[in-house]
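Chain residues, written in single-letter form:
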Amino acid sequence: MEDRAQVLDRRFLERVQQQEFSDIGAGWDHQKLGLTDSDFIGMFESQLKSRLLDLESRKMKGRNQGFYTIGSSGHEGNAAYGLAFKATDMAFLHYRSCAFMLERGRQVPGETLLYDILLSFAASSDDPTSGGRHKVLGSKRLNIPPQTSTIASHLPKAVGAALSIPLTERLSLAANMPTDSVVLCNFGDASANHASALSAINSACWAAYQQVPMPLVFICEDNGIGISTPTPKGWISANFSQRPGLKYFSCDGRDILDCYKISKAAADFARLHRKPVFLHVRTVRLMGHAGSDAEIAYMKKQQIFDNESQDPLLVTAQQLIEAGVMNSEQIVSVYLSLKARIQAISRIVVTKPKLRDVTQAMAAIVPPKRRLEFVPYLDEERRSTLLKADKQSLLKPLHMGKMINLALTELMARYSNIVVCGEDVGKKGGVYHVTSRLVERFSPNRVINTLLDETSILGLAIGMAHNGILPIPEIQFLAYVHNAEDQIRGEAATLPFFSAGQFTNPMVIRIAGLAYQKGFGGHFHNDNSFAVFRDIPGLIIACPSNGHDAVEMLRECVRLAREEQRLVIFLEPIALYMTKDLHSKDDGLWSSHYLPEQETEPLGLGEIAQHGEGRDLCIISYANGYYLSRQAEKLLAATGLKVRVLDIRWLAPLNIEAIIDSANECDHILIVDECRKTGSISEALITGFHEALGNECPPLARLTAEDCFIPLADAATLPLPSTDTIVEAALALMGRELNHQLLKEAL
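This is a predicted model, so every value here is computed, not measured.

## A short note on the overall build of the protein
Now for step 1: Within the protein, the secondary structure is distributed over 27 helices and 21 strands.
Now for step 2: Taking 2.2 N^0.38 as the reference for a compact globule, 747 residues should give roughly 27 Å; the C-alpha atoms of the protein span a radius of gyration of 30 Å, in line with that estimate.
Now for step 3: Seen along its three principal axes, the alpha-carbon backbone of the protein occupies a region of about 100 × 60 × 45 Å.
Now for step 4: By the burial criterion, 60% of the 747 residues in the protein qualify as buried.
Now for step 5: Across the protein, every contact between residues at least 6 apart in sequence was considered, and the portion connecting residues at least 24 apart equals 80%.
Now for step 6: Of the roughly 29200 Å² of accessible surface on the protein, 51% is carried by carbon and sulfur atoms.

Listed below in structure tokens is the structure:
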């Protein structure tokens, strides 16, 4: 019994031989469109190759030699915009874009895309795109960053990449894309309803409405169905044709000549006017969503048959015959020749090596380092001029918020490709004034006030990173990132992995967060959980507890992003932004003098801090917990205990070896974690100690926040560790009773 792929294969050949065509696409003169016979045939061959790759992928799956069967059948008209756009235009592609990629590859000498794509079907480590990690459509040479099972999460970064083209020109920065480039991204009609798509399209319109240059083409390939759920008729046009700031084009993707004409007009419009375009392309889906999807379960046989009659390959075949460029025998001959070629290549690729061990599989999680020219430190004259408004501040110890502000100023002055972006980061200087004066010092081109949408903020940063900019986006509050976490998890962090390190998203994402703010409550403004980041492979999480560390760690984070192409979260404890004192009013023990970079020692990734040399007890913490533990250490010392306190600083990857080396010198170990008991980093620390030390581990306990959201006002600290509870937990661990008289005297 024939399967759907065999039926589609047979019926195409029968209809071409019998010249059984529909009335779609008649009456064109391809030469009047500026198309040569060679390009017309070339596009058709890209369509044929795409279809035959789909059919072969299903055969490989049936032989257990292939592992991915979402294909492009019915969408082969996108070969037209493979020709209509320049090969230097960055393309973020939907998974049904094989014909586009093949056609773009036809424009660039030396491509071996049939072999390369089949290698990815076979999950071979020889695959030049992902190294066998996924079947992806992508290529460094073709300016196509690879995507995996794309819904619409690639659209926000397309907006950022498009905005970066005129931005790098205004800033006179070396960029990865030519200044006349356009960015394109395509997606399905069902994906057009996804929050990421709506976020991206809205942000592009928001910017264009304010005359911000945005050379971008959104391409919606509308086949009328999302897996099994039909798209309401007319929905895409009704939803997107009248958006302010967005130019709307539409074409018939079944008709490659109409598709070429309109997509060329769309590309030209975006390139000339630097405005966003929405290109609505009518397509048809042939076969199910993927190999495992039986469309007969939700479609009538007549619907399936009607779809087959709209096959874009048949439409192009008819146009070629009517134009006298090819005849039906030649078309069948080319089809069968390509089919045999693809089958022959398929037999070769399945013999090629696969990923064989975990080291190979993980090799691309951390991007490759790059060698960059040393950028000189700021000289005294430049620094004095830049910080003229802060002249008096530089003479005295400062709190963390101001220290971060000065560090950002110095880093932006030293590295001209750093761009800060986020809501309210401009004239207001952010909610806590950490970005104060940056826009006056560096202009709105480098300190970009965004709309209120975290997905757009992160997408902007990811897209800018594709074009040589080093972004430092700001998320106002930790809990806000949950609206957009897939931009970090599913886009930025996965890009090096699925491109074998060829594409990266180096950036430093500043996030204000953690608890202990008495004026705020709830899970939005006073959130004490960063668990969402902890299991993202390759992600670095930096969390300073004081101004001195914040400066040195921010400098290291920028170095990591710039030189090692790392994706970094810089988590700033809000409650410590303005803190200057540790034990008593005006003791100044939690403030620091700001020193230029060349006058300080670097603070490397994973480097922990240790206060004290005591061996009775080691307290391990970070951020607010470290601050409180330092207060507790003084009280515990009053009871005669010799205590050391460790500041982890770097929360991912955890330098568990250094932590254990220091803590294991002590008789007892207490972990103080301001985050919730469930899912907090204390769990990883406890596990790390027991795995490393086993029965030799000293007595060990943890004190955490309760599994509770943060209430308002004075009640805000009730679910959290405090100085008093740290002291109580330490004494309980050591089997000692609390001596209130000694503590009273110490206070």
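## Notes on the packing of aromatic side chains
For any pair of aromatic rings, geometry is given as the distance between the ring centres together with the angle between the planes.
Now for step 1: A full pass over the atoms with the stated rule returns 14 aromatic pairs.
Now for step 2: Pairing Phe374 with Tyr377 gives two aromatic rings, centres 5.6 Å apart and planes at 80°, and the pair type is edge-to-face.
Now for step 3: What makes Phe374 exposed here is its relative accessible area of 59%.
Now for step 4: Between the aromatic rings of Tyr432 and Phe477, the centroid separation amounts to 6.1 Å while the plane-to-plane angle is 80°, which identifies the pairing as edge-to-face. Placement of the pair is Tyr432 in the loop between strand S10 (418-422) and helix H16 (438-442) and Phe477 in the loop between strand S12 (470-475) and helix H18 (485-492), with a sequence separation of 45 residues. Of the two residues, Tyr432 and Phe477, both sit in the buried class.
Now for step 5: Every member of this aromatic cluster is reached through a ring pair, and the members are Phe187, Phe240, Tyr248 and Phe278.
Now for step 6: One cation-aromatic arrangement involves Arg133 over Phe497; the distance from NZ or CZ to the ring centre is 5.5 Å.
Now for step 7: Here the basic side chain of Lys247 rests over the ring of Phe249, its NZ or CZ set 5.9 Å away from the ring centre.

## With respect to helix H22 (residues 547-564)
Now for step 1: Between its terminal C-alpha atoms H22 stretches 25 Å, which fits the 26 Å expected from 18 residues at 1.5 Å a residue.
Now for step 2: The buried count for H22 comes to 15 of 18 residues, which makes it a mostly enclosed element.
Now for step 3: At the N-terminal boundary of H22, the capping side chain belongs to Asn546, with an oxygen 3.3 Å from the backbone nitrogen of His548.
Now for step 4: Positive phi shows up at Gln565, right after H22, with a value of about 60°.

## Here's the deal with the side chain of Ser199
Now for step 1: Tracing the backbone through its elements, the reader meets Ser199 in helix H7 (residues 195-209).
Now for step 2: On the basis of relative accessibility, which here comes to 8%, the residue Ser199 falls in the buried class.
Now for step 3: Polar contacts involving the side chain of Ser199 include one to the side chain of Asp453, which spans 2.2 Å.
Now for step 4: Apart from the residues lying within four places of it in its own chain, the contact partners of Ser199 are Asp453, Thr455 and Ser456.

## A short note on the domain arrangement of the protein
Accessible area lost on assembly of the parts is the figure often given for the size of an interface.
Now for step 1: When its domains are assigned, the protein resolves into domain 1 (27-352), domain 2 (381-576) and domain 3 (609-746).
Now for step 2: For domain 2 and domain 3, the distance between their C-alpha centroids amounts to 28 Å.
Now for step 3: Each side of the interface is counted separately: domain 2 has 32 residues, and domain 3 has 31 residues.
Now for step 4: Both faces combined, the contact of domain 2 with domain 3 buries some 2500 Å², and carbon together with sulfur accounts for 61% of it.
Now for step 5: Considering only the side of domain 2, the residues that lose the most area to domain 3 are Tyr516, Asn528 and Arg534, jointly responsible for 30% of the buried surface there.
Now for step 6: In this structure, the connection of domain 2 to domain 3 is made through two salt bridges.
Now for step 7: Between Asp527 and Arg676 there is a salt bridge; the shortest N-O distance is 2.9 Å.
Now for step 8: Across the contact surface, domain 2 and domain 3 share eleven residue pairs in polar contact (both at pLDDT 80 or more).
Now for step 9: Listing elements by their share of the side of domain 2 that touches domain 3, those giving two or more residues are helix H20 (522-525), helix H21 (531-534), strand S14 (540-542) and H22.
Now for step 10: It is H22 that provides the largest number of residues to the side of domain 2 that touches domain 3, a total of four residues.

## Let's talk about the sheet that holds strand S1 (residues 91-92)
Now for step 1: The five strands lie next to each other as S1-S4-S5-S9-S8, forming an open sheet whose pairing is parallel. On the outer flanks of this sheet lie S1 and strand S8 (247-252), each paired with one strand and no other.
Now for step 2: Examined bridge by bridge, strand S4 (residues 183-188) and strand S5 (residues 216-222) share six bridges and lie parallel to one another. Considered in S5, the bridge of Phe187 is made with Cys220.
Now for step 3: Sheet strands touched by H7: S4, S5 and strand S9 (277-282). Its angle to S5, the strand with the most contacts, is close to 145°.
Now for step 4: The sheet contacts of helix H9 (residues 256-273) involve S5, S8 and S9, and relative to S8 the element is tilted by about 165°.

Definitions and limits used
Residues numbered from 1 in each chain as written. Predicted model: local features only at pLDDT ≥ 70, side-chain atom pairs only at ≥ 80, totals over all residues. Heavy atoms only, no water. Helix = DSSP H or I, 4+ residues; strand = E, 2+ residues; numbered from the N terminus. Rg over C-alpha atoms; globule rule 2.2 N^0.38 Å. Buried < 20%, exposed > 50% of the residue type's maximum accessible area, 1.4 Å probe, protein only. Contact = heavy atoms within 4.5 Å. Areas by Shrake-Rupley, 256 points an atom, 1.4 Å probe, with all protein chains shown as cover. Phe/Tyr/Trp six-rings, centres within 6.5 Å; stacked < 30°, edge-to-face > 60°. Lys NZ or Arg CZ within 6 Å of the ring centre and 35° of its normal. Expected span 1.5 Å × (residues − 1). Polar contact = N/O pair within 3.5 Å; in protein donor to acceptor, adjacent residues only side chain to side chain. Domains from an automatic or database assignment. Buried area = accessible area lost by both parts, 1.4 Å probe. Salt bridge = Lys/Arg side-chain N within 4 Å of Asp/Glu carboxyl O. Pairing = 2+ DSSP bridges. Axes fitted to C-alpha atoms, helices over the stretch in contact; angles between N-to-C directions.

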